[in-house]
Amino acid sequence: MSAAATAARADADGQLTVRVWRGAEHGGFQTFQVARRANQTILDVVTEIQREQDATLAYRYACRVGMCGSCAMVVNGRPRWTCRTRVARAEEGGQITLEPMRNMPVVKDLAVDMESFFEKWRDAKGFFEPGETPANDFAVVRPDSPERAQADAGVECINCGVCYSACDVVSWNPEYLGPAALNRAWTLVNDVRDRGQDARLDAVSGDAGCHSCHSHMSCTEFCPKALAPTYAIAGLKRVTARRVWKRGS
Amino acid sequence: MSARLYLAQRLTAMVLAFAVTVHLVTIVYAVRGGLTAGDILARTTGNVGFLAFYVVFVIAAAIHAPIGLRSVLREWTPWRGRSLDLAMLGVAAVIAALGLRAAYAVYAA
């Protein structure tokens, strides 16, 4: 797009000043000027910078419509999906500061390495365990059963990492499994078909597990899907404590 | 923190919520009532109920505090592992020993 066309599309509010993190763990902010546009999202801004001002800017996105969970960044101090965040809602006095998500190693600029985040998903036994032998018949799960309701409350997570970036406990204790993995474990604890509950409850206990949560509720505050990992973690604390009370282990 | 430590900390927290309240209210009541140290000792000496209350209080504190301290140290320092757990057992022993000694001293004075 030519400079004239870019200017023509800018609305009357003029320019945005965008500070973008450049580098990896060590680096600094680079400032860009981007034209304001109607209905502009933060992802639009990043894409415009990358395509028209600096092609070396690294960031990650895929679907652009809030389905894939790959475009999360820290926008003016708050972790959010950039594709679903309008500039008008996030800018402060025409200024936007973009940083990579916290609590994960920075690959380059705004792209982080999410491997540890996904490893913890696995470490928390965040996968369905069918047991040694397949079930003989379909499990009947009533939609209004308490277990199904608990699972429903957290099952829409798409692994974007926003909660993990927002979590203070992860920043203090890098081994902590984090809200997303624990939320997933809680949905499976409430899956009546699952045969791996003992191993899962062991996995979410210990110094990396649910009992380390301080209930700051940052995960619940920032989750773009309006899920409440804090309550999932509280559920895990309850179930694991009850297990100790009953069995002593 | 394991589920066992978590449960121990929560259960002792319930005991402490009650014990600390009784402890503080008693202190304020005794001081505002103008009791001297001698008056207080006269009431506590040989009082089995007083001793039992403070034994429970001290044991709850000796369990509760090191669990919390362990979490704080794990979050704010790189200290981990068996040495940390042993040190916290030491803290528990010190709290229990000093507390029980004080409770017994006031009981047996």
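Quick caveat: nothing in here was measured; it's all calculated off a predicted structure.

What follows concerns the side chain of A:Asp194. All names here are of chain A. Here Asp-194 shows up in the loop between helix 8 (179-189) and helix 9 (197-203). Exposure remark for Asp-194: the relative accessible area of 4% places this residue in the buried category. Of note is the side chain of Asp-194, whose polar atom sits 3.0 Å from the side chain of Arg-200. Other than its neighbours up to four places away in sequence, Asp-194 contacts Phe-127, Phe-128, Glu-129, Leu-188 and Arg-200.

So, on to the interface of chain A and chain B. The partner chain B presents 12 residues to the 16 residues of chain A that form the contact. A combined buried area of about 1300 Å² lies between chain A and chain B, and 54% of that area is made up of carbon and sulfur atoms. Per-residue buried area on chain A facing chain B is highest for A:Trp172, A:Asp207 and A:His211; these three make up 41% of the total on that side. Across the chain A-chain B interface, the total number found is four salt bridges. Its salt-bridge partner being A:Glu175, residue B:Arg74 comes within 3.6 Å of it at the nearest N-O pair. With five residues, the top contributor of residues to the side of chain A that touches chain B is helix 11 (residues 229-247) of chain A. Residue classes in the side of chain A that touches chain B are distributed as four nonpolar, nine polar and three charged.

Now for the packing of aromatic side chains. Using the criterion set out here, one finds 12 aromatic pairs over all chains in the structure. Plain terms: the ring middles of A:Trp172 and B:Trp76 are 5.9 Å apart, the flat faces sit at 35° to each other, and that makes the pair tilted. Linking A:Trp172 in helix 7 (residues 168-172) with B:Trp76 in helix 3 (residues 48-76), this pair reaches from one chain into another. We classify A:Trp172 as partly exposed; its relative accessible area is 24%. Summarising the aromatic geometry, the rings of B:Phe53 and B:Phe57 are spaced 6.1 Å apart at their centres and angled 65° between planes, so their arrangement reads as edge-to-face. Within this pair, B:Phe53 and its partner B:Phe57 are both found in helix 3, separated by four residues, close to a single helical turn.

Of all residues in chain A, 94% have pLDDT values of 70 or greater, and the mean over the chain is 93. Note on residues 3-12 of chain A: pLDDT is under 50 here. Beyond four places in sequence and across chains, it has 14 contacts.

Residues and elements named next belong to chain A. The strand order across the open sheet built from five strands is 2-1-5-3-4, with neighbouring strands paired in mixed fashion. The two strands at the open ends of the sheet, each matched to only one other strand, are strand 2 (27-35) and strand 4 (78-81). In this sheet, adjacent strand axes meet at a mean angle of 35° when their direction is disregarded. Note that strand 1 (residues 15-23) and strand 2 share nine bridges and pair antiparallel.

This part takes up the domain arrangement of chain A. Residue and element names in this part refer to chain A. Its domain assignment divides chain A into domain 1 (3-112) and domain 2 (115-247). For domain 1 and domain 2, the distance between their C-alpha centres works out to 31 Å. In this complex, domain 1 contributes 14 residues to the contact, which on the side of domain 2 involves 17 residues. Here domain 1 meets domain 2 over a buried area of about 1200 Å², counting both sides, of which 62% is carbon and sulfur.

Cut-off values and rules
Residues numbered from 1 in each chain as written. Chains lettered and ligands numbered in written order. Predicted model: local features only at pLDDT ≥ 70, side-chain atom pairs only at ≥ 80, totals over all residues. Heavy atoms only, no water. Helix = DSSP H or I, 4+ residues; strand = E, 2+ residues; numbered from the N terminus. Buried < 20%, exposed > 50% of the residue type's maximum accessible area, 1.4 Å probe, protein only. Polar contact = N/O pair within 3.5 Å; in protein donor to acceptor, adjacent residues only side chain to side chain. Contact = heavy atoms within 4.5 Å. Buried area = accessible area lost by both parts, 1.4 Å probe. Salt bridge = Lys/Arg side-chain N within 4 Å of Asp/Glu carboxyl O. Nonpolar A, V, L, I, M, F, W, Y, C, P; charged D, E, K, R; others polar. Phe/Tyr/Trp six-rings, centres within 6.5 Å; stacked < 30°, edge-to-face > 60°. pLDDT = per-residue confidence, 0-100. Pairing = 2+ DSSP bridges. Axes fitted to C-alpha atoms, helices over the stretch in contact; angles between N-to-C directions. Domains from an automatic or database assignment.

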